[in-house]
There are 4 protein chains.
Amino acid sequence: MQNNKPVTAILRVHCPDQKGLISRVTDFIQRNNGNIVALDQYTDRFEDHFFMRVEWELDGFDISRDEIAPAFEYAIANPCQMQWKLDFSDCRLRMCIMVSRLSHCIYDLLARHRSGELDVDIPLIIGNHQEMAAVAEQFGIPFHLLQITKENKAEQEATQMKLLADNKVDFIVLARYMQILSEDFIRAYPERIINIHHSTLPAFVGAKPYHQAYQRGVKLIGATGHYVTADLDAGPIIEQDVIRVSHMDTPETMVQRGKDVEKIVLSRAVEAHITRRTLVYKNKTIIFK
Amino acid sequence: MQNNKPVTAILRVHCPDQKGLISRVTDFIQRNNGNIVALDQYTDRFEDHFFMRVEWELDGFDISRDEIAPAFEYAIANPCQMQWKLDFSDCRLRMCIMVSRLSHCIYDLLARHRSGELDVDIPLIIGNHQEMAAVAEQFGIPFHLLQITKENKAEQEATQMKLLADNKVDFIVLARYMQILSEDFIRAYPERIINIHHSTLPAFVGAKPYHQAYQRGVKLIGATGHYVTADLDAGPIIEQDVIRVSHMDTPETMVQRGKDVEKIVLSRAVEAHITRRTLVYKNKTIIFK
Amino acid sequence: MQNNKPVTAILRVHCPDQKGLISRVTDFIQRNNGNIVALDQYTDRFEDHFFMRVEWELDGFDISRDEIAPAFEYAIANPCQMQWKLDFSDCRLRMCIMVSRLSHCIYDLLARHRSGELDVDIPLIIGNHQEMAAVAEQFGIPFHLLQITKENKAEQEATQMKLLADNKVDFIVLARYMQILSEDFIRAYPERIINIHHSTLPAFVGAKPYHQAYQRGVKLIGATGHYVTADLDAGPIIEQDVIRVSHMDTPETMVQRGKDVEKIVLSRAVEAHITRRTLVYKNKTIIFK
Amino acid sequence: MQNNKPVTAILRVHCPDQKGLISRVTDFIQRNNGNIVALDQYTDRFEDHFFMRVEWELDGFDISRDEIAPAFEYAIANPCQMQWKLDFSDCRLRMCIMVSRLSHCIYDLLARHRSGELDVDIPLIIGNHQEMAAVAEQFGIPFHLLQITKENKAEQEATQMKLLADNKVDFIVLARYMQILSEDFIRAYPERIINIHHSTLPAFVGAKPYHQAYQRGVKLIGATGHYVTADLDAGPIIEQDVIRVSHMDTPETMVQRGKDVEKIVLSRAVEAHITRRTLVYKNKTIIFK
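Residues numbered from 1 in each chain as written. Chains lettered and ligands numbered in written order. Predicted model: local features only at pLDDT ≥ 70, side-chain atom pairs only at ≥ 80, totals over all residues. Heavy atoms only, no water.

A.B. asks: I'd love a proper account of the overall build of chain A, names of residues and values included.
C.D. replies: Along the backbone of chain A there are eight helices and 13 strands. For chain A, the C-alpha radius of gyration of 21 Å lies close to 19 Å, the compact-globule estimate for 289 residues. Projecting the C-alpha coordinates of chain A onto the three principal axes gives extents of approximately 60 × 40 × 35 Å. Every one of the 289 residues in chain A was classed for burial, and the buried ones make up 61%. Put simply, of all contacts in chain A between residues at least 6 apart along the chain, 66% involve residues at least 24 apart. In chain A, the 34 positive side-chain charges and the 38 negative ones have mean positions that sit 4 Å from each other. (Helix = DSSP H or I, 4+ residues; strand = E, 2+ residues; numbered from the N terminus. Rg over C-alpha atoms; globule rule 2.2 N^0.38 Å. Buried < 20%, exposed > 50% of the residue type's maximum accessible area, 1.4 Å probe, protein only. Contact = heavy atoms within 4.5 Å. Lys, Arg positive; Asp, Glu negative; His and termini not counted. Charge placed at Lys NZ, Arg CZ, Asp CG, Glu CD.)

A.B. asks: How would you sum up the relation of the copies chain D and chain C? Please name residues and give values.
C.D. replies: Overlaying chain D with chain C gives an RMSD of 0.0 Å, the required rotation being 180° about an axis along which the chain moves by 0.0 Å. Both copies of the chain, as the preceding transformation shows, are related through a two-fold rotation axis. Ranked by how close their C-alpha atoms come to the rotation axis, the residues of chain D are headed by Ala203(D), at 2.3 Å. (Least-squares fit on C-alpha atoms with pLDDT ≥ 70 in both.)

A.B. asks: Run through the interface of chain D and chain A, naming residues and quoting values.
C.D. replies: The partner chain A presents 19 residues to the 19 residues of chain D that form the contact. For the pair chain D and chain A, the summed buried surface comes to about 1600 Å²; carbon and sulfur atoms form 40% of the total. Summed over the three residues of chain D that lose the most area to chain A, namely Lys19(D), Ile22(D) and Gln30(D), the buried surface amounts to 28% of that side. Run the count over chain D and chain A and you get two salt bridges. A salt bridge links Asp40(A) to Lys289(D); its shortest N-O distance comes to 2.1 Å. The interface formed by chain D and chain A contains eight residue pairs in polar contact (both at pLDDT 80 or more). Mapped by element, the contributors of at least two residues to the side of chain D that touches chain A are helix H1 (21-31) and strand S2 (35-44) of chain D. Here the element with the most residues in the side of chain D that touches chain A is S2(D); it accounts for seven residues. (Buried area = accessible area lost by both parts, 1.4 Å probe. Salt bridge = Lys/Arg side-chain N within 4 Å of Asp/Glu carboxyl O. Polar contact = N/O pair within 3.5 Å; in protein donor to acceptor, adjacent residues only side chain to side chain.)

A.B. asks: Run through the relation of the copies chain D and chain A, naming residues and quoting values.
C.D. replies: Expressed as a screw operation, the relation of chain D to chain A combines 0.0 Å of axial shift with a rotation of 180°, fitting to an RMSD of 0.0 Å. When the interface residues of chain D are mapped onto chain A, 100% of them are again interface residues, pointing to one common binding face.

A.B. asks: Any chance you could break down the pairing of strand S10 (residues 220-227) of chain A for me, citing the residues and the numbers?
C.D. replies: All names here are of chain A. When you tally the buried positions in S10, you get eight out of eight residues, the bulk of the element. Neither face of S10 is open: one carries Leu220, Gly222, Thr224 and His226, the other Ile221, Ala223, Gly225 and Tyr227, and all of them are buried. Judged from the four bridges that link them, strand S9 (residues 193-197) and S10 form a sheet pairing that is antiparallel. Bridge pairing in S10 links Asn195 to His226. Pairing analysis gives seven bridges linking S10 to strand S11 (residues 237-244), with the strands arranged antiparallel. Opposite Gly222, over in S11, you have Val242 as the bridge partner. (Pairing = 2+ DSSP bridges.)

A.B. asks: Quick rundown of the sheet that holds strand S11 (residues 237-244) of chain B? Include the residues and the values.
C.D. replies: Residues and elements named next belong to chain B. Reading across the sheet, the seven strands line up as S7-S6-S5-S8-S9-S10-S11 and stay open at both edges, with mixed pairing between neighbours. Looking at strand neighbours, the two that pair on one side only are strand S7 (143-145) and S11, the edges of this open sheet. Adjacent strand axes in the sheet meet at a mean angle of 20° when their direction is disregarded. Here strand S5 (residues 93-99) pairs with strand S8 (residues 171-174) via four bridges, running parallel. Across the sheet, residue Met95 finds its bridge partner in S8, namely Phe171. (Axes fitted to C-alpha atoms, helices over the stretch in contact; angles between N-to-C directions.)

A.B. asks: A description of a nonpolar patch on the surface should follow, citing residues and the corresponding values.
C.D. replies: Residue and element names in this part refer to chain A. Among the surface-exposed residues, Ile180, Val205 and Leu232 lie close enough to one another that they form a single nonpolar patch of about 260 Å² accessible area. Tracing the sequence through the fold places Ile180 in the loop between strand S8 (171-174) and helix H6 (183-188). The exposed category is assigned to Ile180, whose relative accessible area is 53%. (Patch = residues over 30% accessible without salt bridge, like charges linked within 9 Å, V, L, I, M, F, W, Y side chains within 5 Å. Areas by Shrake-Rupley, 256 points an atom, 1.4 Å probe, with all protein chains shown as cover.)

A.B. asks: A description of empty space enclosed by the protein should follow, citing residues and the corresponding values.
C.D. replies: According to the stated counting rule, one finds 10 cavities of 30 Å³ or more in the structure shown. Approximately 230 Å³ is the volume found for the largest cavity. Along its surface, the largest cavity is lined by 29 residues, and Thr200(A), Ala203(A), Thr200(B), Ala203(B) and Val242(B) are the ones closest to its centre. Mapped onto the lining of the largest cavity, the elements with two or more residues apiece are helix H7 (209-216), S10 and S11 of chain A together with strand S10 (220-227) and S11 of chain B. When grouped by side-chain class, the residues that make up the lining of the largest cavity number 19 nonpolar, 10 polar and no charged. (1 Å grid on protein atoms, 1.4 Å probe; cavity = no way out; pocket = protein on both sides within 12 Å on 5 of 7 lines; lining within 4 Å. Points joined across faces, edges and corners; volume = space filled by probe spheres on them. Nonpolar A, V, L, I, M, F, W, Y, C, P; charged D, E, K, R; others polar.)

Here it is as structure tokens:
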């Protein structure tokens with residue numbers, strides 16, 4: 001999908017609000033002959049905090065790739081007390097999928113990847129059950145089975161983290177991975193683990209949300225794509241959506257029908273991450289357009 | 001709206017599931033020359049419980065209005081251990097609106113009523129603040145101001161209940177009424193008080209749900225129309241819907257934008273109640289089509 | 001999914017409206033000791049026409065499978081001038097997928113099939129381009145390449161129809177198959193060819209609907225699952241859904257984002273067909289619940 | 001709603017794309033001590049055309065209100081070949097509602113206006129039937145009855161236009177006004193007449209769209225808020241939305257249920273216009289956030 005697009009630099013910044021921020025940043029780019037192709041900014045009036053994402057073409061830009069970061073740090077980020085990230089559109093992220101027994105999310109991700117929709121590399125899939133090995137094999141992606149018990153959890157996580165490091169994984173997608181990651185694991189990938197939870201959080205935290213939804217007699221069920229933090233199901237929300245249910249739905253039909261909204265929400269969350277349109281601040285996300 | 005429609009009998013039943021229920025009930029109607037215009041049934045496989053709503057034209061029916069109930073009780077309800085309600089489509093329900101300071105729900109209900117959409121009588125409106133008196137006056141409906149303090153709550157509720165009784169009120173709509181009703185009040189109108197809560201329950205129970213939603217950083221906000229029970233915001237859900245929000249929304253814009261979904265969800269819940277399409281069982285609703 | 005469910009008979013009927021239809025049909029079932037597990041009926045007041053779907057357990061039913069049809073014909077269908085279809089839930093339908101170059105719909109169908117969601121057999125896939133052969137191979141399903149030119153169209157269709165017959169195909173899913181079928185082909189599979197069109201019909205009939213949508217500047221795009229008739233994109237609609245777009249969307253991003261709604265709508269339409277919940281009458285569908 | 005908000009200048013511009021546009025405009029504002037509170041920009045890559053809306057606080061801005069326009073024209077608009085509009089947030093627009101017989105849209109607009117949601121003045125309402133006079137009276141707004149026949153149309157439009165001029169009307173909302181305006185009338189209010197059409201255009205142009213929808217057997221109905229142009233129902237679309245219908249819906253229930261989506265879509269379109277977030281280019285809208 002990204003093939004013939006010109007390569008761009010993508011800059012995400014945030015800092016205390018102050019006059020002239022947009023003009024300073026755009027001036028920096030345009031004075032150096034950068035052609036801005038997208039800009040989205042937002043000021044949080046409660047926090048008096050400024051957020052911006054700006055993307056410009058590298059072709060013709062006067063500053064070489066390696067020197068953009070120090071130049072920006074010196075000219076703008078430092079004097080404005082900015083936090084910032086700089087990415088380049090041709091740096092494909094490396095994504096690991098972790099999965100348990102259900103196939104709908106992993107099939108959806110792999111089908112998108114195969115068709116070129118999902119602009120990432122997927123060097124490996126990690127499962128805590130055997131079932132999804134066959135799906136990985138269909139798509140020719142190495143599958144690592146690491147079953148988890150109370151006793152071996154620390155050891156298996158160490159193996160997982162070594163695999164992630166060896167494969168230079170940038171971020172992890174929990175595609176219905178039904179194991180809670182340790183705090184150490186989570187801390188190693190801050191804002192880089194995306195989970196799909198099968199409810200519209202904060203409703204129905206924890207296990208069996210569809211059964212909880214059935215018990216409560218709701219008329220909508222949904223899914224939440226979020227970054228994983230140490231607090232279970234409490235991380236920054238990237239995307240949510242719902243579908244309508246009725247008194248005729250059972251926990252089983254909810255599980256079944258919910259799969260569609262889960263896979264779509266997860267893929268939108270992953271897409272937002274890959275295209276560097278997310279920014280986390282105080283446990284919430286800004287999703288740039 | 002109901003004007004030229006033929007008058008119908010509306011029967012809602014539920015009982016332990018058993019063979020032959022549909023055929024017994026429809027046979028009862030059809031043997032007595034009733035023309036069935038709507039039938040919806042549902043069997044809960046977990047509870048082994050049967051639910052049905054059937055509606056037939058009274059014109060030409062062999063049993064007179066007054067004798068339908070005893071005949072049905074004798075022939076079917078009693079032998080099948082059925083719980084049931086019988087209504088007639090030409091019995092307009094009498095609805096009381098209770099309201100505090102916000103006008104969007106009450107305006108929506110009154111505009112629907114005036115245009116003939118809402119097939120009820122509205123003999124009175126009760127407010128605990130003065131603000132909505134002007135709206136009631138615009139529509140020529142008596143407004144009773146009953147301000148509530150900790151000290152006078154019991155006394156004011158007694159006055160409210162006398163007003164409801166004097167006006168032969170069948171059911172009550174809390175159109176953003178920001179007072180918690182006492183258990184005694186609620187018990188006097190079981191499954192006859194409809195509240196609109198400004199979140200998709202069970203998320204954000206209690207006060208200021210939009211502020212809670214803002215704090216959590218959700219991407220959807222919504223509303224829930226439900227029957228009021230003694231447990232706060234935990235009664236049977238009739239209808240829910242959502243709208244999309246983003247990081248740009250503040251509690252104030254959520255309050256503002258949420259009004260649209262609140263008023264639509266409330267009116268759908270009221271419509272379901274009026275057309276006798278709701279049935280409550282174990283704190284959940286069956287909503288017949 | 002259907003595995004441990006009891007086997008059921010599924011009867012869909014329609015006929016001129018007349019008193020006593022529901023009771024006659026349910027009485028027929030219940031008198032013969034059938035346990036009704038689902039019943040949905042609807043009367044079209046404009047056409048004075050009655051529609052019903054009823055499903056009951058075969059286990060314990062007094063009439064053997066083979067004799068249900070003649071018994072029903074004699075006792076009810078004939079005297080009531082009914083049109084009807086009788087199916088059994090354990091008769092898996094045989095589905096052929098026809099596809100051109102895009103993979104999102106076929107991947108979605110095959111992933112559902114593999115996971116057991118889609119209760120059908122898929123004996124073959126027919127493509128008019130080579131691209132999807134690899135996808136068919138991933139799932140181990142025979143792929144037949146039949147490229148179509150103006151000159152060979154009649155001949156290739158003859159081959160297609162022979163393949164369908166040899167494989168005892170019950171119905172065909174056009175999973176973004178970008179060829180118009182001949183009237184003869186369509187007539188051979190009445191109400192048994194399901195197409196996904198990438199607009200909310202009747203908007204944007206014909207080629208390149210997303211480009212048409214872009215030109216018109218719409219704020220919603222969508223998809224329509226429908227039965228194919230000789231009139232292009234004019235057959236009975238089974239299911240539709242939409243997603244929101246904005247001025248920022250190009251034809252390319254619409255094509256991309258539309259894929260999600262296409263595949264979900266198509267799968268819902270296929271599911272409705274498989275579970276025998278569709279009934280076509282005067283170019284419209286009744287979708288039983 | 002706008003009460004305690006600081007007064008802002010709102011600038012909407014578009015021009016052929018060229019480097020440095022964002023930085024030029026923001027620099028102009030920020031060099032003159034303007035505090036930007038919102039900025040949204042978009043480049044159409046097909047047309048190579050640039051669009052931007054920027055809003056900044058007037059308080060503390062170095063250029064006085066009256067001089068902003070000439071200063072901006074001289075410094076930026078002229079050299080960049082920009083088309084532009086400058087507005088001030090404290091200039092309340094004057095809106096005329098035109099209406100026929102249905103009350104749902106006008107009630108919704110007037111209730112929003114009364115509650116302070118809709119930041120406009122409504123000096124008059126024009127009806128071509130008597131029915132809505134009572135609604136206008138409820139809200140204390142002058143109602144002008146101008147019945148239209150083939151014979152008197154030109155004359156009545158002249159009267160309408162005089163009323164609009166006398167009342168210094170800025171824009172007109174056709175709240176289910178079932179008369180086609182003449183080209184002369186439309187030309188007098190370019191991009192200043194908002195209509196609600198009760199279908200998701202371009203489906204079901206013209207009369208009785210719900211009846212057309214019923215005939216076609218669609219599963220979604222909707223509404224479109226658009227600017228009126230000389231081509232019937234073909235003007236730039238501002239907002240659209242849909243609701244789900246089924247085979248059980250008749251034209252009458254569609255008319256009834258569609259009212260909710262019509263009034264919500266119309267109010268969103270009006271809100272976008274009032275907050276100066278719309279920009280029309282080549283018969284499409286850019287809707288700034």
